[in-house]
Amino acid sequence: MNRKSSSLPVNVCLCLLGLSLWGPGRETATAQPATPAPSVPSQSPSDVTAPDPAATERARLRADLERLEAQLTMLKQRLSAIEEKPTSGAEPPPADPASALAPDAPTPSVAQAAEDASAQELVTGTGPLSGYMDFHFNKRKGEDGVLDFHRFVLLFTHSFSDRIRFVSELELEHAFVEGLEEAGELELEQAYLDFLLTPKFNVRAGMLLAPVGIINERHEPPSFYGVERPFVDTVIIPSTWFDVGAGVHGDLGRGFSYRAYLMAPLDATKFTAEEGIRDGRQKGSEANVRDVALTGRLEYRARPGLVLGTSFWHGNTGFETPRIESRVGLVEFDGRYSQGRLDLRGEFAQVFIDGAGEINDVVARTTGVSPNIARQLRGFYVEGGYRLFPSTWSHDFAAFARYENFDTQFRMPAGYQPLGEFDRTAWVTGFTYYPDPDVAVKFDYVFLQNRSDIIRAPNSFNLGLGWWF
Amino acid sequence: MFRYHRLLAALSVGACLVQLASAQTPPRKVVHVVAERFAFMPSEIVVEQGTLLEIRLQSDDTNHGFRITGTKTNVIIPKRGRGTIPVLFDALTPGRFTFECSKMCGAGHTMMKGAIVVKPRADRQPPAAHPDR
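All values reported here derive from a predicted model rather than from experimental measurement.

About the thresholds
Residues numbered from 1 in each chain as written. Chains lettered and ligands numbered in written order. Predicted model: local features only at pLDDT ≥ 70, side-chain atom pairs only at ≥ 80, totals over all residues. Heavy atoms only, no water. Phe/Tyr/Trp six-rings, centres within 6.5 Å; stacked < 30°, edge-to-face > 60°. Lys NZ or Arg CZ within 6 Å of the ring centre and 35° of its normal. Pairing = 2+ DSSP bridges. Helix = DSSP H or I, 4+ residues; strand = E, 2+ residues; numbered from the N terminus. Axes fitted to C-alpha atoms, helices over the stretch in contact; angles between N-to-C directions. Disulfide = S-S within 2.5 Å. Buried < 20%, exposed > 50% of the residue type's maximum accessible area, 1.4 Å probe, protein only. Patch = residues over 30% accessible without salt bridge, like charges linked within 9 Å, V, L, I, M, F, W, Y side chains within 5 Å. Areas by Shrake-Rupley, 256 points an atom, 1.4 Å probe, with all protein chains shown as cover. Salt bridge = Lys/Arg side-chain N within 4 Å of Asp/Glu carboxyl O. pLDDT = per-residue confidence, 0-100. Contact = heavy atoms within 4.5 Å. Core = buried A, V, L, I, M, F, W, Y, C linked by side-chain atoms within 4.5 Å.

Let us look at the packing of aromatic side chains. Scanning all chains against the criterion turns up 19 aromatic pairs over all chains. Measuring from ring centre to ring centre gives 6.4 Å for Phe149(A) and Phe152(A), while their planes differ by 50 degrees; the resulting arrangement is tilted. Pairwise contacts between aromatic rings join Phe137(A), Phe389(A), Phe397(A), Phe431(A), Phe443(A) and Phe461(A) into one cluster. Over the ring of Trp468(A) we find Arg37(B), and its NZ or CZ is 5.1 Å from the ring centre.

So, in structure tokens, the structure goes:
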């Protein structure tokens, strides 16, 4: 009896001690500023939903202690950051993620994160300068091989504030540019200001990429299969399609996002039979905007790995031929799906040119040669790729095949006949080796065919090296 | 005897802690977010006020950044196949908290955004108004 009665006060005292020790911790956790607590990497226990109530409680207790520990670590980091030289700019300071993994944060999450990705890996490439390069070897059947530094692209960004950003993309094509030479091009493909207002509504102005198709806005070499971009994204959708303009964009929630721009129109007098509307881009160089074009894209991310998109372009194109009512309309549908190591994508695009016959007549009278442009162009492709290495490996290897059908004379204006050489199909097959997710060593072979009995489309063998940083 | 006292004391404190923990530990929610050019999937995360949100970030292509505007949270998401990085968000205040990619990742980098929506806790909402009669 005495023993029991004497143990009671001790127990009560210890409980009170426990309560007093517990209280400040929880108080600290809840007495956060109005803004949410800065986060620190942490590991949630996998037994949060364990069926055993005692185990669940233990897990919750452990999680709470873990969180307090993480907050302590965060406070330590803040203190260190204050003591160290302050960083500036919108890009994350290189030390940020690494410091989150610093040895003074020995939470289970740290160990996990350090295991998943080394600190060195996490801090690479955090500067304001980015870019990509494309280096190709192309060998067409019956022709000499060509070694070409196809693209050298630098992207510069700057944040004036959280709400005003600048993005630019400067591209040097084919390595060398001399006045009026056709071999190379120096292009300002993007240079715009973003005014970020709300997630659903933001304003953008400057040199913009037309939000049409898969490739035009996603053309970094490691992000697509094949040495060259798909034919459909070259001759039906004239990637890289850029021009001056302004518009709005945003994320509508539930997986939907949109872009809608007013842009400088195409010049119909530059259209060709072989490459469709491609040469009609004004490229923001003293662009004639007597009329403007409207373009837009709606994207839907239905579930992880699945992206569906549709886009359009509509605008008058006859500013060089004022007496002709000429318009270009384009509709496009695309989808991408990635599941595990399987990648699938497909795209369909059709172009409508009003007044094509009149444009052919006017250009023929002016230059002596009819461009023989069509009133409709159409193309589509389907592509499948499979990554062969386990996803846990740091390098990867993918094999792919793509079928393309594209016709730049799909429907001709009255009085004009389509030429079979412009109705083309292509099988592109090859592989890509990724020594790093941002470096792609590519090989492919293109079986190109057309419907002409006279002019044969040459097959080609291509090697490429592309990288993003 | 002394050991017996210590054991009892430890058990008592343990019981108190477990009781307190079960009463005060906020609910925890784990959400996996995949980043790829130029979107987060999912791009909107909805939690109830008081939830401790753990966001496990993973990339499907290159390095991306994950920055919650208005906070110090700013981490680099490892490249594809290089693992995940967890981030904690204590949803103490109702509201909409925007997150974005903070590492230049390509042409559409500035479109890569999302939001954490913290809804007021049900027991803190004012009682529903009586409908007009």
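All names here are of chain B. Across the sheet, four strands lie side by side as β2-β1-β4-β7; this open sheet has mixed pairing. With partners counted over all chains shown, the strands left at the sheet margins are β2 (39-41) and β7 (85-90), one partner each. Taken pair by pair, the neighbouring strands of this sheet meet at an average axis angle of 30 degrees, ignoring direction. Of the pairings in the sheet, the one linking strand β1 (residues 28-36) to strand β4 (residues 52-59) comprises eight bridges and is parallel in character. Considered in β4, the bridge of Val 31 is made with Ile 55.

Here the focus is the state of the cysteines. Within the structure shown, the criterion is met by zero disulfides over all chains. Distance from the sulfur of Cys101(B), which forms no disulfide, to the nearest cysteine sulfur (Cys105(B)) is 4.0 Å.

Turning our attention to unusual backbone geometry. Residue Thr240(A) is reached from Ser239(A) by a cis peptide bond, and omega for that bond is 0 degrees. Its place among the elements puts Thr240(A) in the loop between α6 (232-236) and β6 (242-253). In this structure, the amide linkage connecting Met41(B) to the following residue, Pro42(B), adopts the cis form with an omega of 0 degrees. As for its placement among the helices and strands, Pro42(B) is situated in the loop between β2 and β3 (44-48). The phi dihedral of His174(A) is positive, around 60 degrees, even though this residue is not glycine. Residue position: His174(A) is located in the loop between β3 (164-173) and β4 (185-198). For Asn372(A), which is not a glycine, the phi torsion comes out positive at approximately 60 degrees. Locating Asn372(A) in the fold gives a position in the loop between α7 (356-367) and β12 (376-387). Here Asn372(A) falls in the buried class, since its relative accessible area comes to 15%.

What follows covers a nonpolar patch on the surface. Residues Leu262(A), Val289(A), Val292(A), Leu294(A), Phe312(A), Val331(A), Phe333(A) and Phe352(A) make up a contiguous nonpolar surface patch of about 650 Å² in total accessible area. Along the polypeptide, Val292(A) turns up in the loop between β7 (256-263) and β8 (293-303).

Now for the pattern of salt bridges. Counted under the stated rule, the structure contains 37 salt bridges over all chains. Asp396(A) is the salt-bridge partner of Arg387(A), the closest N and O atoms lying 3.3 Å from each other. Taking relative accessible area as the criterion, Arg387(A) reaches 9% and is therefore assigned buried. Members of the salt-bridge network, linked through shared partners, are Glu217(A), Arg218(A), Arg259(A), Arg297(A), Glu299(A), Arg301(A), Glu332(A), Asp334(A), Arg336(A) and Glu36(B).

Residue and element names in this part refer to chain A. Bridge analysis of strand β1 (residues 129-140) against strand β2 (residues 146-159) gives 10 bridges, and the strand direction is antiparallel. Paired with Phe 135 across the bridge in β2 is Phe 149. Between β1 and the antiparallel strand that follows it, β2, lie five residues; Gly 142 among them carries a positive phi value of about 85 degrees. Pairing analysis gives nine bridges linking β1 to strand β16 (residues 460-468), with the strands arranged antiparallel. Within the sheet, the bridge partner assigned to Lys 139 lies in β16 and is Phe 461.

Bringing the confidence of the model for chain B into the picture now. Residues and elements named next belong to chain B. Looking at chain B as a whole, the pLDDT averages 81, with 74% of positions reaching at least 70. Note that pLDDT drops below 50 for residues 127-133; the model gives that stretch zero contacts with residues more than four away or on any other chain. The complex prediction reports pTM at 0.74, with the ipTM value standing at 0.72.

What follows is about the sheet that holds strand β8 (residues 95-100) of chain B. Residues and elements named next belong to chain B. Strand order across the open sheet formed by five strands is β3-β9-β8-β5-β6, with mixed pairing between neighbours. Only two strands of the sheet have a single partner each, and these edge strands are β3 and β6 (74-77). Averaged over all pairs of adjacent strands, the angle between strand axes in this sheet comes to 20 degrees, irrespective of strand direction. Taken together, the six bridges between β8 and strand β9 (residues 113-119) define a ladder with antiparallel strand orientation.

Let's shift gears to the nonpolar core. Counting 48 residues, the largest nonpolar core has Ile236(A), Trp241(A), Phe271(A), Trp313(A), Val351(A) and Ile353(A) as the members making the most contacts within it. Excluding its chain neighbours within four sequence positions, the residues that come into contact with Val351(A) are Ile236(A), Ile277(A), Val328(A), Gly329(A), Leu330(A), Arg375(A), Gln376(A) and Leu377(A). Residues Val33(B), Phe40(B), Ile55(B) and Leu57(B) belong to the second largest nonpolar core, which totals 25 residues.

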